[in-house]
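# Coordinate analysis (summary)
Given next are the chains, with one letter for each unit.
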Amino acid sequence: MIPQSKWPARLDFGHAPETIGFWKRLVSEALLLSGSTPLYLFSALPIADCLAGLDSALVAAGFSPETANSPLKISFHHWLSFKTQPVAPLLRWWRGLNRPVEVVSEFELRAALAAGFPPAMILVNGPAKHRWLAQFQLPELSVNFDSLAELDDLLPCAQRLNWRMGLRILTGEEFDPENPQFPTQFGLAPEAAMVGLKKLLGARARIEMVSFHLRTNIAAASVFERAITEVAEICRAAGFCPQVLDIGGGLPVRSVRSRGGKVYDGEFGLRSFAQSLRQSVKLFPGLRELWLENGRFLSSASGVLVVKILDVKERRGLRQLICDGGRTLNALMSVWEQHALLPLPERSGEEALTVVHGPTCMAFDQLARLPLPRSLCAGDHLIWLDAGAYHLPWETRFSHGHAAVCWHDERGLMLARAQQSFEDFWGGWKY
Ligand SMILES: Cc1ncc(COP(=O)(O)O)c(C=O)c1O
């Protein structure tokens with residue numbers, strides 16, 4: 001028996017009652033529409049809300065929106081981070097807003113083109129793109145080179161096709177979050193960046209951007225400040241005045257906690273972040289544009305995962321819910337994060353320490369461990385909130401097929417992807 005004093009604390013994830021009501025209503029509709037679980041349900045409306053909050057902070061700090069075209073102000077541009085939430089109707093919805101998209105792979109580029117983005121509205125990031133990008137021969141792309149080898153390989157093509165070019169710089173603020181003593185594998189270290197900038201300037205290339213992406217869930221605006229100062233110093237030393245400063249993504253999420261219960265956005269305020277950016281960009285004489293590539297901040301709250309309880313076990317004082325979806329299939333993020341979990345229908349009464357398991361044959365497959373009402377039973381649904389970032393891209397087909405996906409926007413609710421059929425699951429084998 002596990003004594004109650006050893007149970008994990010019930011966390012307050014800070015979701016407004018309207019948010020909970022919104023998702024419960026939408027999930028009930030989506031279950032009728034899809035007829036299956038596990039189910040991802042994504043909505044554009046929370047993305048629009050986050051975007052509006054960020055936009056108003058940037059405008060209040062003195063930046064101008066991309067549409068305003070004010071020659072006296074630095075304009076800001078949000079690039080949709082494709083990899084964070086690769087959902088076809090989201091891409092089309094974003095295209096409908098006339099906003100640009102950031103891609104990091106051949107498939108993402110193809111998908112952006114198929115969704116109608118002109119090359120001038122596509123930014124290509126990511127490592128080793130000299131292995132695949134030139135074949136497309138797309139004029140007017142924006143491309144941040146990630147290494148000197150990439151730059152050397154792609155430069156002739158980039159000049160012929162009039163690409164807007166930039167360098168991603170590995171600042172001292174960028175490291176592997178799980179092993180902070182090591183750098184990430186991305187971008188050019190300062191010495192290589194100097195070489196790259198001089199090469200591009202010497203070749204009279206259309207070099208316009210300088211870029212970095214630090215990591216995800218950055219805890220404080222001062223981290224961006226330090227990175228920007230470092231990049232400004234490199235540009236100054238190379239004699240380069242960028243038109244564009246691209247600060248990547250990394251803004252923290254609100255209603256998610258680390259496994260240890262840490263609040264990710266505790267020290268972060270959008271207004272003070274925008275004000276500090278306004279000060280920092282003064283280090284770049286002649287700067288015209290500020291680019292942001294936020295993924296998680298914009299889309300985390302825009303989705304939920306719905307699983308159904310299939311079986312219930314109880315041993316050694318622990319209640320175990322075996323569900324048709326979970327960590328291994330649908331929510332790898334649960335390795336690092338705790339999210340709010342809502343029973344549908346509502347259940348109450350005496351609680352027991354409960355583990356929510358997925359259906360795969362691994363003890364690893366645990367979405368959450370927390371006190372839940374004993375009245376929860378097979379056939380009930382559980383809604384895992386904040387599944388709108390980095391859940392779908394990390395979906396697996398471990399013993400089961402892919403989940404159904406419903407999409408919701410101003411036009412209503414749609415089944416965007418049916419649950420994977422057996423033929424699709426197994427039919428790809430050629431031999
Ligand atoms: C280059 C780049 N930009 C933007 C992002 C989005 O990051 P986040 O979801 O933390 O905002 C990533 C994520 O890996 C990235 O690699």
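Attention in this report is confined to the structure presented alongside it. Quantities reported herein were computed from a predicted structural model and do not represent experimental measurements.

Conventions used here
- Residues numbered from 1 in each chain as written.
- Predicted model: local features only at pLDDT ≥ 70, side-chain atom pairs only at ≥ 80, totals over all residues.
- Heavy atoms only, no water.
- 1 Å grid on protein atoms, 1.4 Å probe; cavity = no way out; pocket = protein on both sides within 12 Å on 5 of 7 lines; lining within 4 Å.
- Points joined across faces, edges and corners; volume = space filled by probe spheres on them.
- Helix = DSSP H or I, 4+ residues; strand = E, 2+ residues; numbered from the N terminus.
- Nonpolar A, V, L, I, M, F, W, Y, C, P; charged D, E, K, R; others polar.
- Near = heavy atom within 4 Å.
- Areas by Shrake-Rupley, 256 points an atom, 1.4 Å probe, with all protein chains shown as cover.
- Sits in = over half its atoms within 2 Å of the grid points.
- Pairing = 2+ DSSP bridges.
- Disulfide = S-S within 2.5 Å.
- Buried < 20%, exposed > 50% of the residue type's maximum accessible area, 1.4 Å probe, protein only.
- Arc of directions from axis to C-beta.
- Contact = heavy atoms within 4.5 Å.
- Axes fitted to C-alpha atoms, helices over the stretch in contact; angles between N-to-C directions.
- Polar contact = N/O pair within 3.5 Å; in protein donor to acceptor, adjacent residues only side chain to side chain.
- Domains from an automatic or database assignment.

## Things to note about empty space enclosed by the protein
In total, this model carries three cavities of 30 Å³ or more according to the counting rule given. Of the volumes computed, that of the largest cavity is approximately 50 Å³. As for the largest cavity, its lining consists of I47, L80, S81, T84, Q85, L90, W94, N294, G295, L298 and S299. Counting only elements with at least two residues in the lining of the largest cavity, the list comes to β4 (80–81), α3 (88–96) and α9 (296–299). By residue class, the composition of the lining of the largest cavity is five nonpolar, six polar and no charged.

## Examining the site of the ligand
By nearness alone, 15 residues border the ligand, and T216, G250, E293, R296 and Y390 come closest of all. Calculation on the ligand without its partners gives an accessible area of 400 Å², and the protein chains cover 88% of this total. In this structure, the ligand is accommodated by the largest pocket. The residue inventory of the shell around the ligand, partitioned by class, reads one nonpolar, nine polar and five charged.

## Some details on the pairing of strand β13 (residues 303–315)
Of the pairings in the sheet, the one linking strand β1 (residues 39–43) to β13 comprises four bridges and is antiparallel in character. Counterpart to L41 in the pairing with β13 is V304. Pairing geometry for β13 and strand β19 (residues 381–384), over four bridges, is antiparallel. In the sheet register, L305 faces β19, and the bridge partner there is W384.

## A short note on the state of the cysteines
As enumerated under the stated definition, the model contains zero disulfides in all. Residue C361 stays outside any disulfide, its sulfur separated by 15 Å from that of C323, the closest cysteine. We classify C361 as exposed; its relative accessible area is 78%.

## As for helix α8 (residues 270–280)
Taken together, the buried positions of α8 are L270, F273, A274, S276, L277 and S280. Seen end-on, α8 carries its buried residues on one side only, within an arc spanning 165 degrees. Residues of α8 that are buried in the fold lie against α2 (45–60), α7 (221–238), β12 (289–292) and α9.

## Side note on the sheet that holds strand β9 (residues 207–211)
Read from one edge of the open sheet, ten strands run β2-β3-β12-β10-β9-β8-β7-β6-β5-β4, paired in parallel fashion. Strands at the two margins of the open sheet, each flanked by one partner only, are β2 (64–65) and β4. For strand β10 (residues 244–246) and β12, the ladder comprises three bridges, and the chain directions are parallel. Its bridge partner lying in β12, V244 is registered against E289. Helix-sheet contacts for helix α6 (residues 190–202) involve β7 (142–145), β8 (164–168) and β9, and the interaxial angle to β8 is about 165 degrees.

## A closer look at the side chain of D409
Following the sequence through the fold, D409 ends up in strand β20 (residues 404–409). Side-chain polar atoms of D409 contact the side chain of W407, separated by 2.9 Å. Not counting chain neighbours up to four residues away, the residues in contact with D409 comprise A44, L45, W93 and M414.

## Looking at the pairing of strand β14 (residues 318–323)
Counting buried positions along β14 gives five out of six residues, so the element sits mostly inside the fold. In sequence, β13 turns back onto β14 through a hairpin of two residues, with R316 there showing a positive phi of about 45 degrees. In this sheet, strand β17 (residues 351–357) lies alongside β14 in parallel orientation, the contact comprising four bridges. From the neighbouring strand, I322 faces β17, where its bridge partner is H357.

## Regarding the layout of surface pockets
The volume enclosed by the largest pocket comes to roughly 1300 Å³. Considering the residues around the largest pocket, the lining is formed by 45 residues, among which P177, H213, R215, T216 and R296 are closest to the centre. The residue inventory of the lining of the largest pocket, partitioned by class, reads 17 nonpolar, 16 polar and twelve charged. No fewer than three residues from each of domain 1 (4–43 + 301–418) and domain 2 (45–299) sit in the lining of the largest pocket. By volume, the second largest pocket amounts to about 600 Å³. Every residue lining the second largest pocket is counted, 27 residues in all, and those nearest its centre are R10, L11, F13, L341 and L370.

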